[in-house]
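# Notes for the structure review
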Amino acid sequence: MKKILILAISILIMLPAVAQNKKLGNETDEQKKERLAWWTNDRFGMFIHFGLYALPGRHEWVKNFERTTNEAYQKYFDLFNPDLYDAREWAKKAKEAGMKYAVITTKHHEGFCLFDSKLTDYKATNTPFKRDLIREFVDAFRAEGLKVGFYYSLIDWHHPDFTVDRVHSQRQDNPANYAELNKGRDMNVYRKYLHGQVRELLTNYGKIDIIWLDFSYPGEYGKGHEDWNSKDLLALIRKLQPGIIVDDRLDLGDYEDGQDFVTPEQYKVDKWPERYGKKFAWETCQTFSGSWGYYRDEMSWKDTKQLLGLLIETVSKGGNLLLNVGPTARGDFDSRADQALANMGKWMKHNSRSIYGCTEAPENFKTPASGVLTYNPTTNRLYIHLLDYPLQNLRLPDYKGKVKYAQFLHDGSEIRFQENGNDVNLSLPVFKPNYEIPVLELILN
Ligand code: GLC
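Keep in mind the model is a prediction, meaning the values are calculated, not measured. (Residues numbered from 1 in each chain as written. Predicted model: local features only at pLDDT ≥ 70, side-chain atom pairs only at ≥ 80, totals over all residues. Heavy atoms only, no water.)

Time to look at the overall build of the protein. Assigned secondary structure in the protein consists of 13 helices and 16 strands. Taking 22 Å as the expected radius of gyration for a compact globule of 445 residues, we find that the protein reaches 25 Å, a close match to that expectation. On the principal axes, the C-alpha backbone points of the protein span a range of 80 × 75 × 40 Å. Counting over 445 residues, the protein shows a buried share of 55%. Contacts spanning at least 24 positions in sequence make up 71% of the contacts within the protein whose residues lie at least 6 apart. When the accessible surface of the protein is totalled, it reaches about 20,200 Å², and 51% of it is carbon and sulfur. (Helix = DSSP H or I, 4+ residues; strand = E, 2+ residues; numbered from the N terminus. Rg over C-alpha atoms; globule rule 2.2 N^0.38 Å. Buried < 20%, exposed > 50% of the residue type's maximum accessible area, 1.4 Å probe, protein only. Contact = heavy atoms within 4.5 Å. Areas by Shrake-Rupley, 256 points an atom, 1.4 Å probe, with all protein chains shown as cover.)

Below, the structure written as structure tokens:
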């Protein structure tokens with residue numbers, strides 16, 4: 001009996017240990033929160049997809065979609081000369097839109113490097129352009145006070161040792177062909193190159209705030225953490241840049257600290273994503289239109305309200321938004337992207353207080369009709385974003401006793417209110433303020 005009791009007790013003691021998530025390092029939740037603090041505060045960043053694919057202007061996957069050979073793709077390299085490239089202008093536009101950080105493609109799947117890598121000739125400094133675009137990007141964005149991130153493609157459709165797989169531009173309809181095609185290709189050599197280039201990027205450009213590795217597709221004729229040697233790669237990254245924030249595409253999901261945040265791409269999450277039994281840091285990446293690289297004929301551009309809605313809803317669920325620009329082959333933003341950024345900037349100039357430092361509202365605040373809530377835990381202020389501007393009266397159900405003062409955010413003008421039963425009724429002017437989505441700021445008791 002005694003033995004059984006001891007056994008039962010020891011199982012009970014062990015249970016939490018069994019349920020604990022696997023980790024690669026020993027950072028605590030609190031330490032991670034601190035490391036990510038600037039990022040969770042800033043909420044809004046710019047993604048930049050730039051490479052040779054800007055010349056065809058038919059999607060950054062054009063080499064893959066059209067199964068183009070290296071030889072046929074070479075004409076874009078020979079012509080690459082983005083004469084209007086001015087990183088200071090890019091940085092200013094990002095800042096004016098209210099973005100606080102930027103992540104640029106240092107190399108995309110096509111394999112072309114925008115940086116002056118010692119490990120390849122396939123780089124911008126060997127094109128007619130001759131310049132290291134990444135050096136200029138880093139200097140310019142830092143000068144504007146923006147944080148700097150590097151996207152780096154794990155995939156490489158140009159490197160001779162990267163084996164052809166089901167995602168490759170030379171992928172095969174008949175899998176039997178892979179063996180023949182991959183004769184002489186050596187992933188060991190590619191892995192060295194990959195680790196070497198990440199080392200260059202994290203050594204030669206000063207402090208890098210984010211690294212965005214892309215992507216894994218384990219399984220048959222695919223590639224995953226073993227192909228990249230992700231564990232060693234992540235260790236190298238953390239060694240070279242201890243503060244850096246790392247995305248989730250290394251295929252290390254078995255480990256809670258195999259990534260710092262998750263990356264829902266091109267869709268809206270319906271609630272704060274959970275991993276390892278808790279709410280996890282997240283950032284959604286989205287395009288203005290359907291493509292990441294410049295796509296001249298792509299017409300599915302989101303309008304200002306959709307873009308602002310995306311930002312607000314993301315923050316309302318505790319996440320970040322990384323919004324993409326695909327510069328043209330001339331090296332500047334096209335007019336549609338410029339317009340979208342300017343429109344967002346106009347709203348952000350007077351409403352960003354509902355974004356920076358904000359997160360999901362506490363559960364005891366119900367969302368009023370056609371509103372989206374965000375909350376700043378430091379100032380204890382609640383923000384109601386009015387997607388559909390109501391006519392005069394806005395009822396806040398069960399808000400009795402919670403509101404000290406209410407105002408419009410854009411002009412700080414008082415909104416008068418009355419308590420009515422358990423509710424609070426706000427009296428809004430009939431005239432809708434001249435902002436796509438007006439915001440109410442409630443100072444809470
Ligand atoms: C996908 C695509 C890629 C794009 C990325 C952005 O992984 O392969 O083209 O860079 O998403 O998140």
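It is worth spelling out the packing of helix 6 (residues 87-96) against helix 7 (residues 133-143) at this point. At a minimum axis separation of 8 Å, helix 6 and helix 7 run at an interaxial angle of 40°. Taken together, helix 6 and helix 7 sit at an angle that is classed as oblique. Both helix 6 and helix 7 take part in a crossing whose hand is right-handed. Taken together, the residues of helix 7 that come into contact with helix 6 (itself represented by Ala87, Arg88, Trp90, Ala91 and Ala94) are Glu136, Phe137, Ala140 and Phe141. Residue composition of the contact of helix 6 with helix 7, by class: seven nonpolar, no polar and two charged. (Axes fitted to C-alpha atoms, helices over the stretch in contact; angles between N-to-C directions. Parallel < 35°, antiparallel > 145°, perpendicular 65-115°, else oblique. Left-handed = near helix turned anticlockwise from the far one by under 90°. Nonpolar A, V, L, I, M, F, W, Y, C, P; charged D, E, K, R; others polar.)

The omega torsion across aspartate 214 and phenylalanine 215 is -20°, close enough to zero to call that bond cis. Within the element layout of this structure, phenylalanine 215 appears in the loop between strand 4 (210-214) and helix 10 (225-228). For aspartate 251, which is not glycine, the phi torsion reads 65° and is therefore positive. Its location among the elements puts aspartate 251 in the loop between strand 5 (245-246) and strand 6 (274-275). Since its relative accessible area comes to 25%, aspartate 251 is described here as partly exposed. Notably, serine 370 is not glycine yet its phi reads approximately 45°, a positive angle. Here serine 370 lies in the loop between helix 13 (335-351) and strand 10 (371-376).

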